[in-house]
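Single-letter residue listing:
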Amino acid sequence: MEPNERIKEFGGWLNRYRHRSVACDCEMTFSVYLPPQAETRKVPAVYWLSGLTCTDDNVRTKAGAQRYAAELGIALVMPDTSPRGDGVADEPERYDLGQGAGFYVNATRSPWARHYRMYDYVTRELPALVEAELPLVAGVKSITGHSMGGHGALICALKEPGAYRSVSAFAPICHPIVCGWGEGCFGAYLGPDREAWKDYDATELIRAGAEKIPLLIDQGTGDEFLAEQLYPQDLEAVCAERDFPLTLRRQEGYDHSYHFIATFIGEHLAYHAKALAE
């Protein structure tokens, strides 16, 4: 871990690092906010997964999360959304495929398979790295995210039973195998076998019998992507069928932006802090 930025915030420190990722076979950047409590003891962590076109910078500058993290005594771990750099496969003319659109899967198709292994990076490599190098309580973590990152948070929690104390999401892509964003990325990264796509789809994982963990989701009713990309109603239906614990809050008038996230991020972090203290 090579530190390249350190900013004092709310009594703690917002740090940015670069490192050579084995999973993604390239240099990766991520940020960590350490609350003031981390000066004297190890603290639990909440992982934030960002959405399409984003980097680690979006959440740390727009969500207002650090103030709440400092009050609650939790760290924030904020990875990038995809591998990047020269030699990393990309579709520069598209915002919804390639760099900035890793979709938190392990790609199996050329040319993506060499670098696009964001699932392993988020669930294995990055936690092992930060828990070894920073004052974080080993294995005590929760996960959340927005849009593509909300999808990522849900599948990580569903596919890794016991790895996360809690999970939440803002406007997640709930059923990616039936939406344009998911079909585009899954077709490229995973190939034409749609059955294989179900391994990275929260709705399909629950349908297939994923171990129960409470899900907290906030969805704005004014979200411009709600009808064509997000499909919370599909997740809601399968959770009802499987008696899966879901709290889906439809927030009247809110859109897909960080204005929406900033409004409710404090509630989400309090939700995670409670679970992390148990």
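The coordinates are above.
Residues numbered from 1 in each chain as written. Predicted model: local features only at pLDDT ≥ 70, side-chain atom pairs only at ≥ 80, totals over all residues. Heavy atoms only, no water.

Draft legend 1. Examining the nonpolar core more closely. Ranked by size, the top nonpolar core spans 95 residues in total, and within it Phe 103, Tyr 121, Leu 136, Ile 143, Tyr 189 and Leu 235 carry the most contacts. Among the elements that take part in this core, helix α10 (residues 258–277) stands out by supplying eight residues, more than any other. Sequence-distant contacts of Leu 136, that is, excluding residues within four places in its chain, are made with Leu 34, Lys 42, Val 43, Ala 45, Ala 75, Val 77, Val 130 and Glu 131. (Core = buried A, V, L, I, M, F, W, Y, C linked by side-chain atoms within 4.5 Å. Buried < 20%, exposed > 50% of the residue type's maximum accessible area, 1.4 Å probe, protein only. Helix = DSSP H or I, 4+ residues; strand = E, 2+ residues; numbered from the N terminus. Contact = heavy atoms within 4.5 Å.)

Draft legend 2. Examining the packing of helix α2 (residues 65–72) against α10 more closely. Interhelical geometry of α2 versus α10 gives an angle of 30 degrees and a closest axis separation of 9 Å. Between α2 and α10, the angle is such that the two are roughly parallel. As α2 runs across α10, the sense of the crossing is right-handed. Packed against α2, whose contacting residues are Ala 65, Tyr 68, Ala 69 and Leu 72, the element α10 presents Ile 265, Gly 266, Leu 269, Ala 270 and Ala 273 at the interface. Residues belonging to the contact of α2 with α10 are distributed by class as follows: eight nonpolar, one polar and no charged. (Axes fitted to C-alpha atoms, helices over the stretch in contact; angles between N-to-C directions. Parallel < 35°, antiparallel > 145°, perpendicular 65-115°, else oblique. Left-handed = near helix turned anticlockwise from the far one by under 90°. Nonpolar A, V, L, I, M, F, W, Y, C, P; charged D, E, K, R; others polar.)

Draft legend 3. Here's a closer look at the side chain of Ser 21. Inspection of the secondary structure puts Ser 21 in strand β2 (residues 12–21). There is a polar contact of 2.7 Å between the side chain of Ser 21 and the side chain of Glu 125. (Polar contact = N/O pair within 3.5 Å; in protein donor to acceptor, adjacent residues only side chain to side chain.)

Draft legend 4. Inspection of unusual backbone geometry at higher detail. Following Ser 110, the chain continues into Pro 111 via a peptide bond in cis, with omega recorded as 0 degrees. Mapping Pro 111 onto the fold places it in the loop between β5 (75–79) and α3 (118–133). The residue Thr 53 is not glycine, and still its phi comes out positive at about 75 degrees. Mapped onto the secondary structure, Thr 53 falls in the loop between β4 (43–49) and α1 (56–62).

Draft legend 5. Spatial organisation of the pattern of salt bridges. Under the definition given, this model contains 18 salt bridges. Between Glu 5 and Arg 60 there is a salt bridge whose closest N-O contact spans 2.5 Å. Highlighted residues: Glu 5 in strand β1 (residues 2–9) and Arg 60 in helix α1, separated in sequence by 55 residues. For Arg 60, a relative accessible area of 8% corresponds to the buried category. (Salt bridge = Lys/Arg side-chain N within 4 Å of Asp/Glu carboxyl O.)

Draft legend 6. Quick peek at α10. Along its 20 residues, α10 runs 27 Å from first to last C-alpha, staying within 8% of the 28 Å computed at 1.5 Å per residue. Phe 264 marks where α10 bends most, by close to 50 degrees. Looking at α10, one finds that the buried residues are Tyr 258, Phe 260, Ile 261, Phe 264, Ile 265, Gly 266, His 268, Leu 269, His 272, Ala 273, Ala 275 and Leu 276. The N-cap of α10, judged by a side-chain oxygen 3.1 Å from the amide nitrogen of His 259 a few residues on, is Ser 257. (Expected span 1.5 Å × (residues − 1). Bend = angle between axes of the 7 residues up to and from the residue.)

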